There are 4 protein chains.
Amino acid sequence: MKTNSTIQVRYAETDQMGVVYHANYLVWCEIGRTDLMKQLGIPYREMEEQGMLAPVTNIQADYRAPARYGDTVTVETWVEDYTGVRVVYGYSMQNEAAEELFSGRSEHVLVNKTSFRPAALKKAFPEWHRVYEMAAAGSADERMI
Amino acid sequence: MKTNSTIQVRYAETDQMGVVYHANYLVWCEIGRTDLMKQLGIPYREMEEQGMLAPVTNIQADYRAPARYGDTVTVETWVEDYTGVRVVYGYSMQNEAAEELFSGRSEHVLVNKTSFRPAALKKAFPEWHRVYEMAAAGSADERMI
Amino acid sequence: MKTNSTIQVRYAETDQMGVVYHANYLVWCEIGRTDLMKQLGIPYREMEEQGMLAPVTNIQADYRAPARYGDTVTVETWVEDYTGVRVVYGYSMQNEAAEELFSGRSEHVLVNKTSFRPAALKKAFPEWHRVYEMAAAGSADERMI
Amino acid sequence: MKTNSTIQVRYAETDQMGVVYHANYLVWCEIGRTDLMKQLGIPYREMEEQGMLAPVTNIQADYRAPARYGDTVTVETWVEDYTGVRVVYGYSMQNEAAEELFSGRSEHVLVNKTSFRPAALKKAFPEWHRVYEMAAAGSADERMI
């Protein structure tokens, strides 16, 4: 399963190079994750309220073409891997001309909100665990096809 | 009492106009506040740890000349007014050529961290209350001179 | 004429207070302006391409209630005043519960892109001038009713 | 050659997790680059004025421990590789307790400001080319030791 999120590029997101500042693509990835999790039935806001956080542990990003103010960017997001304690998301971004702007992945560890210690999702939230497993399996299948 | 903070303008703070994006001056005001409070002996980090927050309730800002990447900006900060529950800070920013870039004020209400309800500093932290009173009185004196 | 823009609050826009960082409301105002100008037939992107910039010269902002991650915020934007060289926009923001979060105004001066000197819109772009005049007059009428 | 940059963590850089939002570490990398280039005698501001840009093409980042508001973070930056058209910088960040927070690398392509096409530094700015070559060689030597 993949989610498509639509981003209207903000003036605040540009820098004096006349294009979007590179760190802002990571914010767009976060929007993709929020939308994907909502669609999977695991709203991140609720996950935090239930006492779990998912801080980023690794980022890999390729910048292929610049986005500009006024552009409409589509962020495609999917679960690339899931181990019970770690989730890896994949991302691909395109502009309106179907030009690829960005591809990347982010790795997250699931931790307890108060202790910041890794926590197994399976134990605390078995349903969410199953959803992540299925989402990761789905992506693997799509890659095989 | 006034505090001077020094800011090296970041590339990330510019926009495609080739100058600093206007919202970032508010971040520099926050740096000025942090430095002033530290100097007054009321580090904001500690204030939060003790259960008080100081969210912004009002901003007034005049932008006089643009700051650019590579500039060194000086932020002058002072306590303009204090009522026991509200604190007003004043700001003035200059570049290396002593050109005034920005002047403004921010109003903050002191609230309890968990309830977000206004809280009188006098009751909870009488020493901090006294420091704010003196700082506000000092600014008033300077204005009279 | 008023425009309504819809904002999905981003995780990146929050701070450790657990609510949206105050400077980010100015970014939302900019989204409101972008949408209003597009609706008026003066897309800001095109205005810049034609050699005009509209940097912010003054901000006044009242923060009434905090926005949170996951909230949907509506930004209402209108032209409050127009003098030929200066444009003032007004803003009001609400959350889904129709609670007012923010009200404010931003003043902009129209300048030449290369010289950064004030430029009369009437001379360079008479049609845009007329549109602004009508938009400002419309807001004035609404205030009188 | 390595440069050390000192960062005072800003309140604006935190998110509701209570720690620094992950995209902001990329901004700190940019501060490290700015400082390193200045020390190498290739101020990035001047490079842009001379008609060259160095947009980011790839980011790799490992987040090891969170930075918090009030922390002082040291960013160590060096030239990891240089090919004449591409520059790779390496980064390592520590807090005051000498705990490693972040390590990463960023790849940049040198392009012409107007065409956004790759440009060989050697031809346009032979001196800067030589400095980059020496800096990259120096890092390689240090790795061998």
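Undergrad: So what exactly am I meant to see when it comes to the overall build of chain A here?
TA: Helix and strand counts for chain A stand at 4 helices and 7 strands. In chain A, the order of α-helices and β-strands from amino to carboxyl end is β-α-α-β-β-β-β-β-β-α-α. Computed over the C-alpha atoms, the radius of gyration of chain A is 16 Å, within 12% of the 15 Å expected from 2.2 N^0.38 for a compact globule of 145 residues. In terms of principal-axis extent, the alpha carbons of chain A reach across some 50 × 40 × 20 Å. For chain A, restricting intrachain contacts to residue pairs at least 6 apart in sequence, the fraction spanning at least 24 positions comes to 67%.

Undergrad: What is the right way to read the sheet that holds strand 1 (residues 3-8) of chain A from this model?
TA: Whenever strands of a sheet pair, they do so through backbone hydrogen bonds, lying parallel or antiparallel. If you trace the 10 strands from one edge of the open sheet to the other, you get 1(A)-4(A)-5(A)-6(A)-3(A)-3(D)-6(D)-5(D)-4(D)-1(D), paired in antiparallel fashion. The open sheet terminates on both sides in strands that have one partner only, identified here as strand 1 of chain A together with strand 1 (3-8) of chain D. Direction aside, the axes of adjacent strands within the sheet are offset by 20° on average. Note that strand 3 (residues 56-63) of chain A and strand 3 (residues 56-63) of chain D share 5 bridges and pair antiparallel. The partner of Asn58(A) across the bridge, within strand 3 of chain D, is Asp62(D). Against the sheet, helix 1 (residues 24-40) of chain A makes contact with strand 1, strand 3, strand 4 (72-82), strand 5 (86-94) and strand 6 (100-109) of chain A, and its axis sits at roughly 140° relative to strand 1 of chain A, the strand it touches most. With respect to the sheet, helix 1 (residues 24-40) of chain D is in contact with strand 1, strand 3, strand 4 (72-82), strand 5 (86-94) and strand 6 (100-109) of chain D, its orientation differing from that of strand 1 of chain D by roughly 140°.

Undergrad: Just to check I follow, could you spell out the relation of the copies chain C and chain B for this structure?
TA: Superposition of the two copies of the chain requires a rotation about an axis together with a shift along that axis. At an RMSD of 0.0 Å, chain C and chain B line up after a rotation of 180° and a shift of 0.0 Å along the axis. Each copy turns onto its partner about a two-fold axis. Taking C-alpha positions as reference, the residue of chain C nearest the rotation axis is Gln60(C), located at 2.3 Å. The residues that chain C uses at the interface reappear at the interface of chain B in 100% of cases, marking a shared surface.

Undergrad: Quick question: what am I supposed to make of the interface of chain C and chain A here?
TA: A common way to state how big an interface is: give the accessible area lost once the parts meet. Contact with chain C, which involves 10 residues of that partner, is made by 10 residues of chain A. Sort the elements by how many residues they give to the side of chain C that touches chain A and helix 1 (residues 24-40) of chain C lands first, with 4 residues. Taken together, the residues of the side of chain C that touches chain A break down into 5 nonpolar, 2 polar and 3 charged.

Undergrad: Before we go on, may I ask you to explain the relation of the copies chain C and chain A in this structure?
TA: Mapping chain C onto chain A leaves a residual RMSD of 0.0 Å; the transformation is a rotation of 180° accompanied by 0.0 Å of translation along its axis. Of the residues that chain C buries at the interface, 100% are likewise interface residues in chain A, meaning the two copies contact each other through the same surface.

Undergrad: Can you walk me through unusual backbone geometry in this structure?
TA: The phi angle at Phe116(B) is positive, at roughly 60°, despite the residue not being glycine. Take Phe116(B): it is sitting in the loop between strand 7 (111-112) and helix 3 (121-124).

Undergrad: I keep staring at the interface of chain C and chain B and nothing clicks. Help me out?
TA: Taken residue by residue, the interface counts 16 residues in chain C and 16 residues in chain B. The set of elements that each furnish at least two residues to the side of chain C that touches chain B consists of helix 1 and strand 3 (56-63) of chain C. Looking at the side of chain C that touches chain B element by element, the count peaks at 8 residues for strand 3 of chain C. In terms of residue class, the side of chain C that touches chain B is built from 11 nonpolar, 4 polar and 1 charged.

Undergrad: Is there a simple way to explain the sheet that holds strand 1 (residues 3-8) of chain B in this structure?
TA: Taken in spatial order, the 10 strands of this open sheet run 1(B)-4(B)-5(B)-6(B)-3(B)-3(C)-6(C)-5(C)-4(C)-1(C), and their pairing is antiparallel. Two strands lie at the open edges of the sheet, namely strand 1 of chain B together with strand 1 (3-8) of chain C, each paired on one side alone. Pairwise comparison of adjacent strand axes, ignoring direction, gives a mean angle of 20° for this sheet. Of the pairings in the sheet, the one linking strand 1 of chain B to strand 4 (residues 72-82) of chain B comprises 6 bridges and is antiparallel in character. Across the sheet, the residue bridging to Thr6(B) is Thr74(B), located in strand 4 of chain B. Those strands touched by helix 1 (residues 24-40) of chain B are strand 1, strand 3 (56-63), strand 4, strand 5 (86-94) and strand 6 (100-109) of chain B, and its axis lies near 140° from that of strand 1 of chain B.

Undergrad: What should I look at first to understand the pairing of strand 6 of chain A in this one?
TA: Residues and elements named next belong to chain A. As judged from the 7 bridges shared by strand 3 and strand 6, these two strands associate in the antiparallel manner. Bridging across to strand 6, Asp62 finds its partner in Ser103. Strand direction decides the pairing type here: strand 5 and strand 6, joined by 9 bridges, are antiparallel. Counterpart to Tyr91 in the pairing with strand 6 is Gly104.

Undergrad: Sorry if this is basic, but what is going on with helix 1 of chain A here?
TA: Turn by turn, an α-helix covers 3.6 residues, leaving residues three or four places apart pointing in a common direction. Residues and elements named next belong to chain A. With 17 residues, helix 1 should cover 24 Å at 1.5 Å per step; its first-to-last C-alpha distance of 25 Å lies within 8% of that length. The set of residues buried in helix 1 consists of Asn24, Tyr25, Leu26, Trp28, Cys29, Glu30, Gly32, Arg33, Thr34, Leu36 and Met37. Against the buried residues of helix 1 lie strand 1, helix 2 (44-49), strand 3, strand 4, strand 5 and strand 6.

Undergrad: I tried to follow helix 1 of chain D on my own but got confused; where do I start?
TA: Residues of helix 1 of chain D that are buried make contact with strand 1, helix 2 (44-49), strand 3, strand 4, strand 5 and strand 6 of chain D. At the C-terminal side of helix 1 of chain D, Gly41(D) shows a positive phi close to 85°.

Undergrad: I keep staring at the environment of Glu13(B) and nothing clicks. Help me out?
TA: Residue and element names in this part refer to chain B. In this structure, Glu13 sits in the loop between strand 1 and helix 1. Here the alpha-carbon distance between Glu13 and Tyr69, two residues 56 residues apart in the chain, equals 7.8 Å. Once you skip the residues sitting within four places of it in the chain, Glu13 turns out to touch Val20, Tyr21 and Asn24.

What counts and what doesn't
- Residues numbered from 1 in each chain as written.
- Chains lettered and ligands numbered in written order.
- Predicted model: local features only at pLDDT ≥ 70, side-chain atom pairs only at ≥ 80, totals over all residues.
- Helix = DSSP H or I, 4+ residues; strand = E, 2+ residues; numbered from the N terminus.
- Rg over C-alpha atoms; globule rule 2.2 N^0.38 Å.
- Contact = placed C-beta atoms within 7 Å.
- Pairing = 2+ DSSP bridges.
- Axes fitted to C-alpha atoms, helices over the stretch in contact; angles between N-to-C directions.
- Least-squares fit on C-alpha atoms with pLDDT ≥ 70 in both.
- Nonpolar A, V, L, I, M, F, W, Y, C, P; charged D, E, K, R; others polar.
- Expected span 1.5 Å × (residues − 1).
- Buried ≥ 20, exposed ≤ 12 C-beta atoms within 10 Å, placed from the backbone.

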